[in-house]
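# Chain and residue survey
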Amino acid sequence: MILKNLREEVLEANLELVRRGLVLYTFGNASGIDRREGLVAIKPSGVPYDQMKAEDLVVVDLDGKIVESTLRPSSDLPTHLILYRAFSSIGGVAHTHSRAATAWAQAGREIPCFGTTHADYFHGPVPVTKPLTPAQIRSDYEANTGHAIVRRFAKLDPLCAPAVLVAGHAPFCWGKSPAEAVHIAVIAEEIAAMAFQTLSANPKARPISKRLHDKHFLRKHGDSAYYGQKK
């Protein structure tokens, strides 16, 4: 079995999505990439999480050609591959249909930064893509989903906004590893739920100031970050 360690990381990432209540049945998927080998490991399509083993993970190259597996990869593979090709700094992708984040995606609305929990992870709102056209849906749908994400990030740093809401669909999240991608998926769902409850409590709520937003994001991610312990 090639890429044993990566497959185990990706398996654990998929199982963590289940443990965190972010997927139902076989919805959702996580993947990881070995940049040195140029290979991606991803969840097989339609396989129940409680039956999945590391050897079930499908290994493909960046063109989507299966390198090792007897199973079909997730139907969202083309989206994952486009993200890996476009965002060279990421090492893992997680896709869910978690309730709150998906609701914002279905509404076609970005999630404003109403507080510092959001600001700790996103240097700006959680962005949303433009809807796909009928032609983009009819042909190469999953690839066009990836292209829509990349277009939305033409002027954004994917590590400063590590998730996106695909309009009418659901969130895609990423990080430097499969585990980090899942961590962001958990945070994105929490942020989405809190934003909804904020607007329920005060429909006139406004995003926090840029100064407060910058303070929280940069103390954790900036060049002079001081949150946490030195490595």
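Just so it is clear, the model here is predicted, and its values are computed rather than measured. (Residues numbered from 1 in each chain as written. Predicted model: local features only at pLDDT ≥ 70, side-chain atom pairs only at ≥ 80, totals over all residues. Heavy atoms only, no water.)

### Section: the overall build of the protein
Helix and strand content of the protein: eight helices and seven strands. Radius of gyration (C-alpha) of the protein: 17 Å, near the 17 Å computed for a compact globule of 231 residues. Overall, the C-alpha framework of the protein stretches about 55 × 50 × 35 Å when taken along its three principal axes. Considering the protein as a whole, with its 231 residues, one finds that 49% of them fall into the buried category. Roughly 12,200 Å² of accessible area belongs to the protein as shown, and the carbon and sulfur atoms make up 52% of that amount. (Helix = DSSP H or I, 4+ residues; strand = E, 2+ residues; numbered from the N terminus. Rg over C-alpha atoms; globule rule 2.2 N^0.38 Å. Buried < 20%, exposed > 50% of the residue type's maximum accessible area, 1.4 Å probe, protein only. Areas by Shrake-Rupley, 256 points an atom, 1.4 Å probe, with all protein chains shown as cover.)

### As for the pairing of strand E2 (residues 39-42)
Across a regular strand the side chains alternate sides, sitting on one face of the sheet and then on the other. Alternating positions in E2 separate into two faces, Leu39 and Ala41 on one and Val40 and Ile42 on the other, with burial throughout. With four bridges connecting them, strand E1 (residues 29-34) and E2 associate as antiparallel partners. Following the sheet pairing, glycine 32 is matched in E2 by alanine 41. What sits between the antiparallel neighbours E1 and E2 is a turn of four residues, in which glycine 38 has the positive phi angle 70°. Pairing analysis gives four bridges linking E2 to strand E3 (residues 58-61), with the strands arranged antiparallel. Within E3, the residue paired with leucine 39 across the bridge is aspartate 61. (Pairing = 2+ DSSP bridges.)

### With respect to the environment of alanine 148
Of note, alanine 148 is situated in helix H6 (residues 141-152). According to the relative accessible area criterion, alanine 148 is buried, its value standing at 7%. Sequence separation of alanine 148 and proline 78 is 70 residues, and the distance between their C-alpha atoms is 12 Å. If near-sequence neighbours (up to four positions away) are discounted, alanine 148 is found in contact with Thr129 and Leu132. (Contact = heavy atoms within 4.5 Å.)

### A closer look at the packing of aromatic side chains
Considering all chains together, one arrives at three aromatic pairs under this definition. On the numbers, 5.3 Å between centres and 55° between planes, the contact of phenylalanine 87 with tryptophan 174 is tilted. One end of the pair, phenylalanine 87, is in the loop between helix H2 (77-86) and strand E5 (92-95); the other, tryptophan 174, is in strand E7 (residues 171-175), and 87 residues separate them in sequence. Under the relative-accessibility criterion, phenylalanine 87 is labelled buried at 6%. According to the relative accessible area criterion, tryptophan 174 is buried, its value standing at 0%. Here the aromatic residues Phe87, Phe153 and Trp174 are joined through ring pairs into a cluster of three or more. Sitting over the ring of tyrosine 49, lysine 43 keeps its end group 5.0 Å from the ring centre. (Phe/Tyr/Trp six-rings, centres within 6.5 Å; stacked < 30°, edge-to-face > 60°. Lys NZ or Arg CZ within 6 Å of the ring centre and 35° of its normal.)

### Brief notes about the pattern of salt bridges
What the rule picks out here adds up to nine salt bridges. One salt bridge in this structure joins glutamate 12 and arginine 19, with 2.2 Å as the shortest N-O distance. You can call glutamate 12 partly exposed: its relative accessible area is 40%. With a closest N to O distance of 3.1 Å, arginine 36 and glutamate 37 form a salt bridge. Given a relative accessible area of 71%, arginine 36 falls into the exposed group. Here the residues in one salt-bridge network are Glu12, Glu16, Arg19 and Arg20, joined through shared partners. (Salt bridge = Lys/Arg side-chain N within 4 Å of Asp/Glu carboxyl O.)

### A short note on the packing of helix H3 (residues 99-107) against helix H7 (residues 178-201)
Taken N-terminus to C-terminus, the directions of H3 and H7 make an angle of 65°; their axes are 7 Å apart at the nearest point. By the angle between their axes, H3 is roughly perpendicular relative to H7. The two elements H3 and H7 meet at a crossing, and its hand is left-handed. Contacts from Arg99, Ala100, Ala101 and Trp104 of H3 reach H7 at Ala188, Glu189, Ala192, Ala193, Ala195, Phe196 and Leu199. Class assignment of the residues belonging to the contact of H3 with H7 gives a composition of nine nonpolar, no polar and two charged. (Axes fitted to C-alpha atoms, helices over the stretch in contact; angles between N-to-C directions. Parallel < 35°, antiparallel > 145°, perpendicular 65-115°, else oblique. Left-handed = near helix turned anticlockwise from the far one by under 90°. Nonpolar A, V, L, I, M, F, W, Y, C, P; charged D, E, K, R; others polar.)

### What about H2?
Within H2, seven of the ten residues are buried, which leaves the element mostly enclosed by the surrounding structure. Every buried residue of H2 is listed here: Leu77, Thr79, His80, Leu81, Ile82, Leu83 and Tyr84.

### A word on the environment of glutamate 9
Within the element layout of this structure, glutamate 9 appears in helix H1 (residues 4-19). Look at glutamate 9 and you get partly exposed, because its relative accessible area is 40%. Residues glutamate 9 and glycine 92, spaced 83 residues apart in sequence, show a C-alpha to C-alpha distance of 9.7 Å.

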